[in-house]
Structures are given as structure tokens and as C-alpha cells.
2 protein chains.
Amino acid sequence: MIGRLNHVAIAVPDLRAASAQYANTLGATVGAPQDEPDHGVTVVFIDLPNTKIELLSPLGADSPIAAFLEKNPAGGIHHICYEVQDIQAARDRLLAEGARVLGGAEPRIGAHGKPVLFLHPKDFNGTLLELEEI
Amino acid sequence: MIGRLNHVAIAVPDLRAASAQYANTLGATVGAPQDEPDHGVTVVFIDLPNTKIELLSPLGADSPIAAFLEKNPAGGIHHICYEVQDIQAARDRLLAEGARVLGGAEPRIGAHGKPVLFLHPKDFNGTLLELEEI
């Protein structure tokens, strides 16, 4: 079912510093910050040859990563995203297997404009998983 | 400097359950457990089309992931690994930029038989980074 690793999302307390670090210290290709007000984050994309890293910092009062950064002030890996071909079929399979799909198990449009689901970290080895339909 | 994302390593409390979950619930291609006694872990490789997930569980008394699992009993993302072409050049650049390279900043042979370095999570947004020479 799952296909490519679409991205690894890292929540960071200082987006400018983290971007500079990836560009200068690690020599990666780092994009400009993009505000995603509908998702409560500002994102910097780091293009690797085979996948992407997304640096996330909170935007607005109700950012979904604010609590994570309170708990992990230095930052940390927030989630990883796997691609699926059919998000509804993925949802049905996950529910049939007893996995908890967050947000009422209804796919919503994610930060890349495509349907996504998030799965409960307690069902997946303490890792928050995003599935994105590609 | 950094190239492909070589793998995402997830520490898990129950390797058999986590493997079954990736194979059955997520429908991924999951390998057989491999003991790596020199590295204190048993590893299961999950092949995605563009990169790998490595499920890690402790092996032996001094496993480097034992403390992580004590702190995160449900498991969690332990590190991510970026590929580099020249580990010595990477080391020199990191030290010049003021990053802390673990283990005395000397590359050692990693679980894939290639030279690796680990970088201090406090210098990289709370994420433990491995660099592997490819």
C-alpha cells in the first residue's frame, strides 16, 4: 500500500537558523519560507535527490505544532509522510486493521493541495504518520 | 554536501509486531530481522521505492537504543541518515562550522559496512543525524 517516502517533517524553533544550517553546514538545497495559514505552519522545503525534508515552524495562534515545540523546545522530527495511490482505500484498510485514523478518519486537503490522513502515533511505534494521495 | 536520504531509523519495543504492522496494515515490503551484534541492534529493513525505513530493536546489554526506548517506551524516530560522498570532507566541514560530531569526530564503520558519523541532536533541531559515505 505505502509507496515513496514523500517527506520527513522537522519542527524547528527558529526557521531562519535551521534553514541556514541546512544550507551552510549541511550544504543542502534549501527553499524560501512559505506561509501555510490554512495549516498553521511556515514551511521550508529542503530538496534531497530522492525525497524532501520539511522544516516547520508555527504560524498563528493555533498552530498544530505549537504543543510539540513546547514539549520539544529544541525541535524534533514531527512526522513522516508516505505516499499512497488511493487515500480512501488506504483509510478503509487502516480502519479494518484497527488503526486509529485522526480527524474523524476523513481525508482532508494537506499542505501540498492533496488529500491526506494522519495516523495515531500510539498505533505506529510512537511515530506520527501522514499518508498523502499522489 | 548531503545527498540522498539513506534511511529513517525507528526504534521499536516489539520488532515482530512492528514488522507485521508495516507488512499487513501498511502493505510495505518488509525484510527478515538481522542481528547486528557489533552495533547492538536487530534491524528490519523496509524497502520503499525511494528510500528505506529501518526498524531497530535492542540487541545485547549495551544497546545504543536502550536508553531511547526507556525514555520513549512506545518507540519513536531515532535518527535519519543522509548520504555524503566523502565522510572526511564532511567531518571537516562540520567541525569548521562548529557542529559537534559524536564519537571523537572519527568516522567508524556503520551497520551497512560503510563509514558513518553521528551529529549532536542539540546542534540540529533535536534530530540525531547520521552521515554515511556512499
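Coordinates for the structure precede this section.
On a predicted model such as this, the values are computed, not experimentally measured, just so you know.

**Thoughts on the overall build of chain A**
Helix and strand counts for chain A come out as three helices and nine strands. Going residue by residue from the N terminus, the α and β elements of chain A occur as β-α-β-β-β-β-α-β-α-β-β-β. Its C-alpha atoms put chain A at 45 × 35 × 25 Å along the principal axes. Per-residue burial over chain A gives 52% buried out of 134 residues.

**Regarding the pairing of strand β6 (residues 76–84) of chain B**
Residues and elements named next belong to chain B. In terms of burial, β6 is a largely internal element, nine of the nine residues being buried. Sheet topology note: the strand β1 (residues 5–11)/β6 ladder contains six bridges and is antiparallel. Paired with L5 across the bridge in β6 is Y82. Pairing between β6 and strand β9 (residues 129–133): five bridges, direction parallel. For I80, the partnering residue across the bridge sits in β9 and is L129.

**Considerations on the layout of surface pockets**
The calculated volume of the largest pocket comes to roughly 1200 Å³. Taken together, 35 residues make up the lining of the largest pocket; nearest its centre are F68(A), N72(A), I77(A), F68(B) and N72(B). Looking at the lining of the largest pocket, the elements that each hand over two or more residues are α2 (66–71) and β6 (76–84) of chain A together with α2 (66–71) and β6 of chain B. When the residues that make up the lining of the largest pocket are grouped by side-chain class, the tally is 15 nonpolar, 16 polar and four charged. One number sums up the size of the second largest pocket: a volume of about 490 Å³. If you trace the second largest pocket, you find 25 residues lining it, with P64(B), H78(B), H79(B), R108(B) and F118(B) closest to the centre. Listed by contribution, the elements that provide at least two residues to the lining of the second largest pocket are β4 (41–47), β5 (52–58), α2, β6, β8 (115–119) and β9 of chain B. It is β8(B) that provides the largest number of residues to the lining of the second largest pocket, a total of three residues. Partitioned by chemical class, the residues of the lining of the second largest pocket number 13 nonpolar, seven polar and five charged.

**Things to note about the interface of chain B and chain A**
With 40 residues of chain B at the interface, the matching set in chain A holds 40 residues. The junction of chain B with chain A conceals about 3300 Å² of combined surface from both sides, 61% of it contributed by carbon and sulfur atoms. The interface formed by chain B and chain A contains zero salt bridges. In this structure, the connection of chain B to chain A is made through 19 residue pairs in polar contact (both at pLDDT 80 or more). Looking at the side of chain B that touches chain A, the elements that each hand over two or more residues are β1, α1 (15–25), β6 and α3 (87–96) of chain B. By residue number, the principal contributor to the side of chain B that touches chain A is α1(B), which donates six residues. Tallied by class, the residues present in the side of chain B that touches chain A amount to 24 nonpolar, 12 polar and four charged.

**Quick notes on the packing of aromatic side chains**
Applying the stated rule across the entire model yields two aromatic pairs over all chains. Seen from their ring centres, Y22(A) and Y82(B) are 6.1 Å apart, and the 85° between their planes marks the pair as edge-to-face. Residue Y22(A) is found in helix α1 (residues 15–25), and its partner Y82(B) is found in strand β6; the two belong to separate chains. Judged by relative accessible area, which is 0%, Y82(B) ranks as buried.

**Some details on the environment of V101(B)**
Residue and element names in this part refer to chain B. You can see V101 is positioned in the loop between α3 and β7 (108–109). Distance in space between the C-alpha atoms of V101 and E130 is 9.8 Å, their sequence separation being 29 residues. Among all residues touching V101, those that are not within four sequence positions of it are L94, L95, L117, F118 and L119.

So, how was this worked out
- Residues numbered from 1 in each chain as written.
- Chains lettered and ligands numbered in written order.
- Predicted model: local features only at pLDDT ≥ 70, side-chain atom pairs only at ≥ 80, totals over all residues.
- Heavy atoms only, no water.
- Helix = DSSP H or I, 4+ residues; strand = E, 2+ residues; numbered from the N terminus.
- Buried < 20%, exposed > 50% of the residue type's maximum accessible area, 1.4 Å probe, protein only.
- Pairing = 2+ DSSP bridges.
- 1 Å grid on protein atoms, 1.4 Å probe; cavity = no way out; pocket = protein on both sides within 12 Å on 5 of 7 lines; lining within 4 Å.
- Points joined across faces, edges and corners; volume = space filled by probe spheres on them.
- Nonpolar A, V, L, I, M, F, W, Y, C, P; charged D, E, K, R; others polar.
- Contact = heavy atoms within 4.5 Å.
- Buried area = accessible area lost by both parts, 1.4 Å probe.
- Salt bridge = Lys/Arg side-chain N within 4 Å of Asp/Glu carboxyl O.
- Polar contact = N/O pair within 3.5 Å; in protein donor to acceptor, adjacent residues only side chain to side chain.
- Phe/Tyr/Trp six-rings, centres within 6.5 Å; stacked < 30°, edge-to-face > 60°.

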